[in-house]
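Structural description and commentary
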Amino acid sequence: MINYLIRRLGTTLITVLVLSYTIFAIVQIPPGDAVDRQVRLRQTQGDVVTREEIETLRAQYGLDRPILVRYYQWIRGFLVGDLGRSTSGRRVNDLIAERLPQTVALAVAGLIITYAIGIPVGIYSATHQYSAGDYIANSISFIGMSVPGFLIGIILLYLFYKWFGLSIGGFFSVEYKSAPWSWARLQDLINHLWVPLFVVAVGSTGGLIRTMRATLLDELSKQYVMTARAKGVPMRKLLLKYPVRLALNPIIASIGHIFPYLLSGQVVIAIVLNLPVLGPLLNTALTNEDIALSSSILLIQSLLAVFGTVVSDVLLAVLDPRIRFERGAH
Amino acid sequence: MIPQPQVRHDQAPVTESDLLLQVRDLRTYFRLDEGMLKAVDGISFNVYRNRVLGMVGESGCGKSVTAQSILQIVPKPGVVQGEMLWHRDGQTVDIGGLDPESEEMRAIRGNEIAMIFQEPMTAFSPVHTVGNQLMEAYFVHGKLDEAEARARAVELLDLVGIPAADRRVDEYTFQLSGGMRQRAMIAMAMMNRPRMLIADEPTTALDVTIQAQILRLIRRLQAETGAAVLFISHNLGAVANLANDVAVMYRGKIVEFGTVRQVLKNPQHPYTVALLQSIPGFGYRRGDRLQSIRGSVGVPIDPPDECPFRGRCDRFDPALCGGSMPASVEVEPGHQVACVLYEARS
Amino acid sequence: MSDERKSSPSPTLARRKKDELTAEERFFAASQWELMWRKFRKHKLALASGVVLIFLYAIAVTFEFWAPYGPISEQGLINMRPTRIHFRNEEGKFVGPFVYGIEQVVDMETFKRVPVEDKDVTYPIRFFVHAEPYKLWGLFETDRHFFGAGEGKVLLVGTDELGRDLFSRILAGSRISLSVGVVGVAISLVLGSFFGGIAGYYGSWADLIISRAIEFIGSIPNLPLWMLLASIIPLDWPVVRVYFMTTIIISLLTWVGLARVVRSLLLQLRTMDYVKAAQLAGASDMRLIIDHLLPGMLSYLIVQVTIAIPNTILAETALSFLGLGMRPPAVSWGVLLRAAQNVQNIVLRPWMLAPAIVVIVTIFVFNFVGDGLRDAADPYK
């Protein structure tokens, strides 16, 4: 197990290096850079920009040095927690820190809803196969999975406005946007929160119900279930001890794979619903060639993905003795 | 390697007091889209203490479903009908009338009647230890002493011949070999000292050398505990080796019944005859060709009321076999055959 | 049945004709495709969805004919609500479908020009009319349209801020949006079969590297990566080049799903006795793959492809919606949806939501077909 972890860490490190360089290099590809953009903007305003000025700007952003040097500086900064400066002039750390709490909170709340609904409904569906409840759960989860979240978001925005005159975009109404915390503000937040939560959770909940149902049905048909029944184990106890536990193992283990989605899994929904989370920030950063900002977000996210895979693998080994022993044998 | 019916000292005449389970007109049907699958279609037999009843027939003839019906653990959408009188300490319960999920039924399952399954690979949960699964059989029947349960589990694992049982008890089943797993399964079935043991093809998935060991183990345990055994197998050799009586099943029906000697030495039903001719050993001489039964058992979906074997029978006679399912006829004391050839004679 | 048995007690399966087989025998004797089709047919929703799908693609291929107007020709009526189609004239008499002429009247309160129906002018809606000329597939020059109202304007779902007919634009957009699904999945099928095939067929270290890569690409959220890749498409590229680039970018991430399926199917099939037997009989790698492995996995691949197409369509829609994929003058559903990006816009012109509904219907239909195929792929279950 220890050996396995060390080896795993080694490959992970290499992956991270390759990945971070790839991201850094791709972000630089578009012709022209942020300085060109700025210069063009000032020229349209009638300014005269001298060559020297351009050079100074370039040096200021560090754009005059070769890419490997810039990559090294970026990574070094990243390691000590300095993500550089956005083209807007603000520190990338601040920009990300500003939006991080809402982003993670929204994703975690969505996750909790997904698991709280998905797992019990999936279990019900599998144990009551072909019943009316199973049929309904199946249809709803199928619809949930098929419907593209951001389009539902758009339609909900319109319907709420039309029916209730409510603007449900964002996290707060205009009057509470920068107001200090109060009960009314919290109320306002809750009013705004459930639509994005619904849109964020509907697809993943549908997916989880279907996965849970399929894996549990698979487990229910296995021989060990009949063995346990023949022993005289009561049905409910049997269900929870054997098939549900076995069906849950991969689902619990997959929690690691969700990590990267915590940051920007729902970019388009966030843009549609005008949510102040990281997704829209990444979008503007990419369109404005804000290299420091976009590559930071992407790298953090990829690191979470790498880290999440390791977490998932470890969880799976903890939960399933078969995998634990297989790896121990290596 | 030629299996021969063995004369055993315990073949004393059976008495009423040894009667443990009376199965009367057992029917287990599965309602499918294609029609009604009559997996077990009106069979009757008795199970006696201290005796082994062998049940033989090709795959898909309803042997396993019979076993599952006795424990009321038939998978959906199976429905069990018929009488199954379970005699214990002067008391009689009709298992056939119990709700499969009732406390009463659960109290019988794994406690009074235990079962050994065919696939030792998949019959255990892969994420629980051997001991955990053995002790569970103990706990679900109201015995709660943890230390005692563990001691019993180790004792039984040792008894069934698992070396270093006190260590193995904490291992997972995938760490055991196939034969060891089957031994552990037998140990699990014995946890509550059952009065009856159902062994559903316990050796089919094992190597030939292991098979013999497992058969010997079952026979030893049966002799030591005096339990009744319902031994299901398509291996006639194994049945000859272990059983006192034999029921031959075909398409959900018992077509011949008798003692091992009667059925295997003097088979009467054309199906039994064909079955015996298809394996080397019984009455074969060097140079004889091995026979096969043409066709296959088929699936009894909405079967007509007629002899199930008529389509494959060598002695099929349109004049005789036109009618409904022939009744069982006693051709010699204790030897019953369901075939028109004998129906006509009597 | 019993009569037949009596006359020929032992007919073997092979000797009898097909129609003489019993239901049970037919079940076991049917080919894999026959069984799949039989099972799929039972799934009525999937069957209906399949018909709708064929219909959608047929329109996408020939949209110039079905659309009453060209996708970029301006109709002079800006932000116009959907035209009302009337069937009865002022007297209440049924005269067939027609539209009234449109007048621009100045609203005395807001001093804005408001379009109003001019009841004095009627234009009947006719079929197979001559209207705006076009060149179908760049080959056939014609001006025949499925329907039109002559001089009148029949704007089924209204117009956009430039006065272009949204209905015609949705039909036009279907060509890009629907084809991105097929082309994109075709590319990822090639990539997926190649890498998944190498991993599953040759195993060992090739498998190790490829499955690591598959696992990794699969673990990162797709959309941000797509955004990253799409952001490097130069703004001055022509539409066709942007189209292929977008499609390739989408495929760069979707191939891993197909590769995973190909790999695991191959690993499974490799151990099958019939494959081993063919190998021992001296079949070449190529022959083994084409004669034995491909037929074994084809049905599963078809299912996977059907499931992958709607995801690809959605990816294009999302990217174009963000301004990173297709962009004007190209017309795709995602491009059309850009007009629905802010709520004021939607409230003023709710008909701009129409493309969203079309996308949702398309995705649903694809998923129903995929679901039906998935069930049908395991005919013995």
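Values in this document were obtained by computation on a predicted structure and should not be read as measured data.

1. Brief notes about the overall build of chain C
- Per the secondary structure count, chain C includes 14 helices and five strands.
- Taken over C-alpha atoms, the radius of gyration comes to 27 Å for chain C, far larger than the 21 Å a tight globule of 381 residues would show.
- Overall, the C-alpha framework of chain C stretches about 90 × 65 × 40 Å when taken along its three principal axes.
- Counting across all 381 residues of chain C, residues that qualify as buried make up 46%.

2. Here's the deal with the overall build of chain B
- Secondary structure assignment for chain B yields eleven helices and twelve strands.
- Compactness check: chain B gives a C-alpha radius of gyration of 21 Å against a globular reference of 20 Å for 346 residues, within 12% of the reference.
- Principal-axis analysis of the C-alpha atoms gives chain B an extent of 70 × 50 × 45 Å.
- Considering chain B as a whole, with its 346 residues, one finds that 56% of them fall into the buried category.
- Restricting the contact set of chain B to residue pairs at least 6 apart, pairs at least 24 apart contribute 65%.
- Accessible surface, chain B: about 14800 Å² in total, of which carbon and sulfur atoms supply 49%.

3. Examining the packing of aromatic side chains
- The full count for this structure, using the stated rule, is 27 aromatic pairs over all chains.
- Both rings, one in A:Tyr224 and one in A:Tyr242, keep their centres 6.1 Å apart while their planes meet at 50 degrees; by these two values the pair is tilted. Here A:Tyr224 is found in helix 9 (residues 223-231), whereas its partner A:Tyr242 is found in the loop between helix 10 (235-241) and helix 11 (243-253), with 18 residues between them in sequence.
- Aromatic rings pair up to connect C:Phe65, C:Trp66, C:Phe128, C:Phe146, C:Phe147 and C:Phe167 into one cluster.
- When the ring centre of C:Trp237 is taken as origin, the NZ or CZ atom of C:Arg241, which lies over that ring, is 4.9 Å away.

4. Quick word on the nonpolar core
- A:Phe150, A:Leu151, A:Ile154, A:Leu293, C:Trp226, C:Met227 and C:Phe321 are the most contacted members of the largest nonpolar core, which totals 129 residues.
- Of all the elements, helix 14 (residues 354-377) of chain C adds the most residues to this core, at 13 residues.
- Non-local contacts of A:Leu293, meaning those with residues more than four positions away in its chain, are made with A:Val92, A:Leu95, A:Ile96, A:Leu281 and A:Ala285.
- If you look at the next biggest cluster of nonpolar residues, it comprises 106 residues, including B:Ala123, B:Met135, B:Tyr138 and B:Leu236.

5. Comments concerning the pairing of strand 6 (residues 113-116) of chain B
Residues and elements named next belong to chain B.
- Because side chains alternate across strand 6, one face comprises the buried residues Ile 113 and Met 115, and the other comprises Ala 114 and Ile 116, equally buried.
- Judged from the four bridges that link them, strand 6 and strand 7 (residues 196-200) form a sheet pairing that is parallel. Bridge pairing in strand 7 links Met 115 to Ile 198.

6. Some remarks on the domain arrangement of chain B
All names here are of chain B.
- If you check the domain split of chain B, you get domain 1 (19-112 + 194-297) and domain 2 (123-193).
- On a C-alpha basis, the centroid separation for the pair domain 1 and domain 2 is 25 Å.
- Facing 19 residues of domain 1, the contacting portion of domain 2 comprises 14 residues.
- For the pair domain 1 and domain 2, the two sides together bury roughly 1300 Å², of which 64% comes from carbon and sulfur.
- Its largest share of buried area at the contact with domain 2, domain 1 owes to Pro 194, Leu 217 and Leu 221, together 33% of the area lost on that side.
- Applying the counting rule to domain 1 against domain 2 returns zero salt bridges.
- The set of elements that each furnish at least two residues to the side of domain 1 that touches domain 2 consists of helix 2 (103-108) and helix 7 (208-225).
- Looking at the side of domain 1 that touches domain 2, the element that brings in the most residues is helix 7, giving nine residues.
- Taken together, the residues that form the side of domain 1 that touches domain 2 break down as ten nonpolar, four polar and five charged.

7. Topic: the interface of chain A and chain C
- Taken together, the contact pairs 40 residues of chain A with 37 residues of chain C.
- Carbon and sulfur atoms supply 81% of the area that chain A and chain C bury against each other, a total of about 3500 Å² over both sides.
- Summed over the shared surface of chain A and chain C, the result is one salt bridge.
- Ionic pairing is found between A:Arg210 and C:Asp371, a salt bridge with its closest N-O pair at 2.8 Å.
- At the boundary of chain A with chain C, the tally comes to two residue pairs in polar contact (both at pLDDT 80 or more).
- Looking at the side of chain A that touches chain C, the elements that each hand over two or more residues are helix 1 (2-28), helix 6 (132-146), helix 7 (149-164), helix 12 (255-264), helix 13 (267-272), helix 14 (278-287) and helix 15 (291-319) of chain A.
- The element best represented in the side of chain A that touches chain C is helix 7 of chain A, accounting for eight residues.
- Grouping the constituent residues of the side of chain A that touches chain C by class yields 28 nonpolar, nine polar and three charged.

8. Observations concerning a nonpolar patch on the surface
Residues and elements named next belong to chain C.
- Residues Trp 33, Leu 294, Leu 298 and Ile 302 make up a contiguous nonpolar surface patch of about 320 Å² in total accessible area.
- When residues of the nonpolar patch are assigned to their parent elements, the largest contribution, three residues, is made by helix 11 (residues 285-321).
- As for its position among the elements, Ile 302 is in helix 11.
- The class of Ile 302 is partly exposed, set by a relative accessible area of 36%.

9. Quick word on a negative patch on the surface
Residue and element names in this part refer to chain C.
- On the surface, a cluster of negative charge is made up of Glu 90, Glu 91, Glu 103 and Asp 120.
- Within the secondary structure, Asp 120 sits in strand 3 (residues 113-124).
- Since its relative accessible area comes to 72%, Asp 120 is described here as exposed.

10. Examining the domain arrangement of chain C
- When cut into domains, chain C gives domain 1 (83-155) and domain 2 (168-377).
- Its C-alpha centre places domain 1 of chain C at a distance of 40 Å from the equivalent point of domain 2 of chain C.

11. Examining the sheet that holds strand 2 (residues 35-48) of chain B
Residue and element names in this part refer to chain B.
- One open sheet accounts for four strands, arranged 2-1-4-5; its pairing is antiparallel. Only two strands of the sheet have a single partner each, and these edge strands are strand 2 and strand 5 (91-94). Taking each pair of neighbouring strands and ignoring which way they run, the sheet shows an average axis angle of 5 degrees.
- Where strand 1 (residues 19-32) and strand 4 (residues 78-88) come together, eight bridges link them in antiparallel fashion. From the neighbouring strand, Arg 27 faces strand 4, where its bridge partner is Gln 81.

12. Section: helix 7 of chain B
Residue and element names in this part refer to chain B.
- Taking 1.5 Å per residue as the helical rise, helix 7 with its 18 residues ought to reach 26 Å, and the 26 Å between its terminal C-alpha atoms agrees with that figure.
- On its buried side, helix 7 packs onto strand 3 (52-56), helix 4 (146-159), helix 6 (178-190), strand 7, strand 8 (228-232) and helix 8 (236-242).
- Following helix 7 by one or two positions, Gly 226 adopts a phi angle in the positive range, close to 70 degrees.

13. Quick word on the pairing of strand 4 of chain B
- In the sheet, strand 4 of chain B pairs with strand 5 of chain B via four bridges, with the strands oriented antiparallel. Counted as the bridge partner of B:Trp86 is B:Val93 from strand 5 of chain B.

14. A look at the sheet that holds strand 1 (residues 86-88) of chain C
All names here are of chain C.
- Taken together, three strands build an open sheet; the order of strands is 1-2-3 and the sheet is antiparallel. Edge positions in the sheet fall to strand 1 and strand 3, since each of these pairs with one other strand and no more. The sheet shows a mean angle of 45 degrees between the axes of neighbouring strands, direction not considered.
- As judged from the two bridges shared by strand 1 and strand 2 (residues 94-106), these two strands associate in the antiparallel manner. Note that in strand 2 the partner of Arg 88 across the bridge is Phe 94.

Rules used in this analysis
Residues numbered from 1 in each chain as written. Chains lettered and ligands numbered in written order. Predicted model: local features only at pLDDT ≥ 70, side-chain atom pairs only at ≥ 80, totals over all residues. Heavy atoms only, no water. Helix = DSSP H or I, 4+ residues; strand = E, 2+ residues; numbered from the N terminus. Rg over C-alpha atoms; globule rule 2.2 N^0.38 Å. Buried < 20%, exposed > 50% of the residue type's maximum accessible area, 1.4 Å probe, protein only. Contact = heavy atoms within 4.5 Å. Areas by Shrake-Rupley, 256 points an atom, 1.4 Å probe, with all protein chains shown as cover. Phe/Tyr/Trp six-rings, centres within 6.5 Å; stacked < 30°, edge-to-face > 60°. Lys NZ or Arg CZ within 6 Å of the ring centre and 35° of its normal. Core = buried A, V, L, I, M, F, W, Y, C linked by side-chain atoms within 4.5 Å. Pairing = 2+ DSSP bridges. Domains from an automatic or database assignment. Buried area = accessible area lost by both parts, 1.4 Å probe. Salt bridge = Lys/Arg side-chain N within 4 Å of Asp/Glu carboxyl O. Nonpolar A, V, L, I, M, F, W, Y, C, P; charged D, E, K, R; others polar. Polar contact = N/O pair within 3.5 Å; in protein donor to acceptor, adjacent residues only side chain to side chain. Patch = residues over 30% accessible without salt bridge, like charges linked within 9 Å, V, L, I, M, F, W, Y side chains within 5 Å. Lys, Arg positive; Asp, Glu negative; His and termini not counted. Charge placed at Lys NZ, Arg CZ, Asp CG, Glu CD. Axes fitted to C-alpha atoms, helices over the stretch in contact; angles between N-to-C directions. Expected span 1.5 Å × (residues − 1).

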